[in-house]
Structures are given as structure tokens and as C-alpha cells.
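# Remarks on the overall topology
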Amino acid sequence: MAEVVEEIDRAGLRYEVTGMDTVIEGEWDEVMPVLRRAEERLREKHGRVFMLLAADDHKGARDRLRGAVKDIEERVGRSSRI
């Protein structure tokens, strides 16, 4: 997955890598070419590339990568980090 992170870094997009997924934040036209390049790089080394894409298109929202977590932490009154 290092190839994927390199492509995201190169594009200058905000992201978070977890144990289960990689979350990318950006405009559709910024994110989709990055996913395409990442898939192409993975395809060079692997016969199969499996991706799941979930999109949350929240009009006018910014910094939801951190903001959504902060909202939950405020509601529960503690950090969500382990």
C-alpha cells in the first residue's frame, strides 16, 4: 500500500491510514485521478487490485477527516483514540 500513500502524498491531499483502510479527503476531481494512478501502480506488481470506494459528498464541508472525529469526541466527552 506504500504506492497508494505515495500517490496521495504527491497530490497533496489530506489522508489518514488506519488498520483497515485509507481515508482520503478532497474534491472529486482531485481524488479520482489519484485513485487511478494508485491502481495503475498496484497493477504493475499484482494480478488483482481490489478497492472499495465510499464517498461522502458534503456540500461546503471542509476538514471533515478530523472534524467528524472531533464531533464524536465532543459528544462522548473523551478522545476516541486507543
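Residues numbered from 1 in each chain as written. Predicted model: local features only at pLDDT ≥ 70, side-chain atom pairs only at ≥ 80, totals over all residues. Heavy atoms only, no water.

### Some remarks on the environment of G77
With respect to the helices and strands, the residue G77 is situated in the segment after α3 (64–76). We classify G77 as exposed; its relative accessible area is 65%. (Helix = DSSP H or I, 4+ residues; strand = E, 2+ residues; numbered from the N terminus. Buried < 20%, exposed > 50% of the residue type's maximum accessible area, 1.4 Å probe, protein only.)

### Details of the environment of V69
The residue V69 is located in helix α3 in this model. Classification of V69 as partly exposed rests on a relative accessible area of 25%. Distance in space between the C-alpha atoms of V69 and D56 is 15 Å, their sequence separation being 13 residues.

### Thoughts on the packing of helix α1 (residues 2–11) against helix α2 (residues 28–45)
The relative placement of two packed helices is expressed as an angle between their axes plus a distance between the axes. Close contact between α1 and α2 brings their axes to 9 Å; oriented N to C, the two are set at 150 degrees. The pairing of α1 with α2 is recorded here as roughly antiparallel in orientation. Crossing geometry of α1 relative to α2 is assigned as right-handed. Together, E3, V4, E6, E7, I8, R10 and A11 of α1 and V34, R37, A38, R41, L42 and K45 of α2 make up the contact between the two elements. Split by residue class, the contact of α1 with α2 holds 6 nonpolar, no polar and 7 charged. (Axes fitted to C-alpha atoms, helices over the stretch in contact; angles between N-to-C directions. Parallel < 35°, antiparallel > 145°, perpendicular 65-115°, else oblique. Left-handed = near helix turned anticlockwise from the far one by under 90°. Contact = heavy atoms within 4.5 Å. Nonpolar A, V, L, I, M, F, W, Y, C, P; charged D, E, K, R; others polar.)

### Examining the pattern of salt bridges
Taken as a whole, this structure holds 11 salt bridges when the rule is applied. The partner of E7 in a salt bridge is R37, and the shortest N-O contact between them spans 3.1 Å. With E7 in helix α1 and R37 in helix α2, the pair connects residues that are 30 residues apart, well separated along the chain. The partly exposed category is assigned to R37, whose relative accessible area is 34%. The salt bridge partner of E39 is R43, with a shortest N-O separation of 3.4 Å. With E39 and R43 both in helix α2, this residue pair falls 4 residues apart, about one helical turn. For E39, a relative accessible area of 15% translates into the label buried. Classification of R43 as partly exposed rests on a relative accessible area of 42%. One salt-bridge network, in which partners are shared between bridges, spans E6, E7, R10, R37 and R41. (Salt bridge = Lys/Arg side-chain N within 4 Å of Asp/Glu carboxyl O.)

### Quick word on the environment of A11
By the element assignment, A11 lies in helix α1. Judged by its relative accessible area of 35%, A11 is partly exposed. For the pair A11 and V31, spaced 20 residues apart in sequence, the C-alpha to C-alpha distance is 8.5 Å. Ignoring any residue separated from it by four or fewer positions in sequence, one finds A11 in contact with V34 and R37.

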